[in-house]
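Report on the structure
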Amino acid sequence: MLASSAFTLPKEERLCSRTLIESLFSGGRSRSMSDFPLRVVYMVKDRNGVEPMTQMLVSVPKRHFKRAVKRNRVKRQVREAYRHSRQIVLDKLKDNEAYDTVVVMAFIWLDDKLYPSDIVNEKVARLLTRISEKL
């Protein structure tokens, strides 16, 4: 079965720009909220041209999981949850007709233990709902 293009996570939606990441974490225009075991830092910026309407990054600190296998598992869970729930933010941006803005997000893992995927899905969806309410 072929995947629908609406449910894929293209490379353009992954946050890779060092300058954009630094501006996200420098604190000026960014905001933060938590829903344990996740914290999201986000900011709204002007869109230039062909950028996607959302960009995201996942960070799992080495101090929480020493083994890369566990860090990668958590990253996969968060990316998958985001992929399924990102429509919450996209719908809000389209409702506001804010086609000239981009929401840049960084999900940070806060706990030392693994969680089942359904709990991670719930937490990511709740955080994205709270972000869409703030837009």
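Computed from a prediction, not measured in an experiment: that's the story for all the values here.

1. A few points about the overall build of the chain
A count of helices and strands for the chain gives 4 helices and 4 strands. Helices and strands in the chain line up, N terminus first, as α-β-β-β-α-α-β-α. The C-alpha radius of gyration computed for the chain amounts to 15 Å, which stays within 12% of the reference 14 Å derived for 135 residues, consistent with globular compactness. Seen through its C-alpha atoms, the chain measures out along the principal axes to roughly 45 × 40 × 25 Å. Looking at the 135 residues of the chain, the share that counts as buried comes to 43%. At a minimum sequence separation of 6, the contacts of the chain that also span at least 24 residues come to 79%. Element-wise, carbon and sulfur atoms account for 50% of the exposed surface of the chain, whose accessible area totals about 7900 Å². Here the chain contributes 27 positive and 16 negative side-chain charges, whose respective centroids are spaced 9 Å apart.

2. Remarks on helix 4 (residues 117-134)
In this model, helix 4 (18 residues) spans 26 Å end to end at C-alpha, consistent with the 26 Å of a helix rising 1.5 Å per residue. Turning to helix 4, its buried residues number three or more, namely Val120, Lys123, Val124, Leu127, Leu128, Ile131 and Ser132.

3. Re the sheet that holds strand 3 (residues 54-59)
Two orientations exist for strands paired in a sheet by backbone hydrogen bonds: parallel and antiparallel. The strand order across the open sheet formed by 4 strands is 1-2-4-3, and the pairing between neighbours is mixed. Strands with a single pairing partner mark the edges of an open sheet, and in this sheet they are strand 1 (31-35) and strand 3. Between one strand axis and the next, the sheet turns through 20° on average, direction left out of account. Helix 1 (residues 18-25) contacts strand 2 (38-46), strand 3 and strand 4 (101-109) of the sheet and is inclined by roughly 110° relative to strand 2.

4. Regarding unusual backbone geometry
For the peptide bond that leads from Phe36 to Pro37, omega is 15°, which places it in the cis range. Positionally, Pro37 belongs in the loop between strand 1 and strand 2.

5. A word on the pattern of salt bridges
Summed over the entire model, instances satisfying the criterion amount to 5 salt bridges. Close ionic contact of Asp35 with Lys123 constitutes a salt bridge, the shortest N to O distance being 3.5 Å. Placement of Asp35 in strand 1 and of Lys123 in helix 4 is noted, with a sequence separation of 88 residues between them. For the residue pair Asp35 and Lys123, the accessibility class agrees, reading buried in each case. Look at Asp35 and you get buried, because its relative accessible area is 9%. Through salt bridges with shared partners, a single ionic network connects Asp35, Glu122, Lys123 and Arg126.

6. A look at the environment of Leu135
With respect to the helices and strands, the residue Leu135 is situated in the segment after helix 4. Along the chain, Leu135 and Gly27 lie 108 residues apart, while their C-alpha atoms are 18 Å from each other. Apart from residues lying up to four places away in sequence, Leu135 is in contact with Val44, Val89, Lys92, Leu93, Asn96 and Val103.

Cut-off values and rules
Residues numbered from 1 in each chain as written. Predicted model: local features only at pLDDT ≥ 70, side-chain atom pairs only at ≥ 80, totals over all residues. Heavy atoms only, no water. Helix = DSSP H or I, 4+ residues; strand = E, 2+ residues; numbered from the N terminus. Rg over C-alpha atoms; globule rule 2.2 N^0.38 Å. Buried < 20%, exposed > 50% of the residue type's maximum accessible area, 1.4 Å probe, protein only. Contact = heavy atoms within 4.5 Å. Areas by Shrake-Rupley, 256 points an atom, 1.4 Å probe, with all protein chains shown as cover. Lys, Arg positive; Asp, Glu negative; His and termini not counted. Charge placed at Lys NZ, Arg CZ, Asp CG, Glu CD. Expected span 1.5 Å × (residues − 1). Pairing = 2+ DSSP bridges. Axes fitted to C-alpha atoms, helices over the stretch in contact; angles between N-to-C directions. Salt bridge = Lys/Arg side-chain N within 4 Å of Asp/Glu carboxyl O.

Take it as geometry only, folks, not as evidence of what the structure does.
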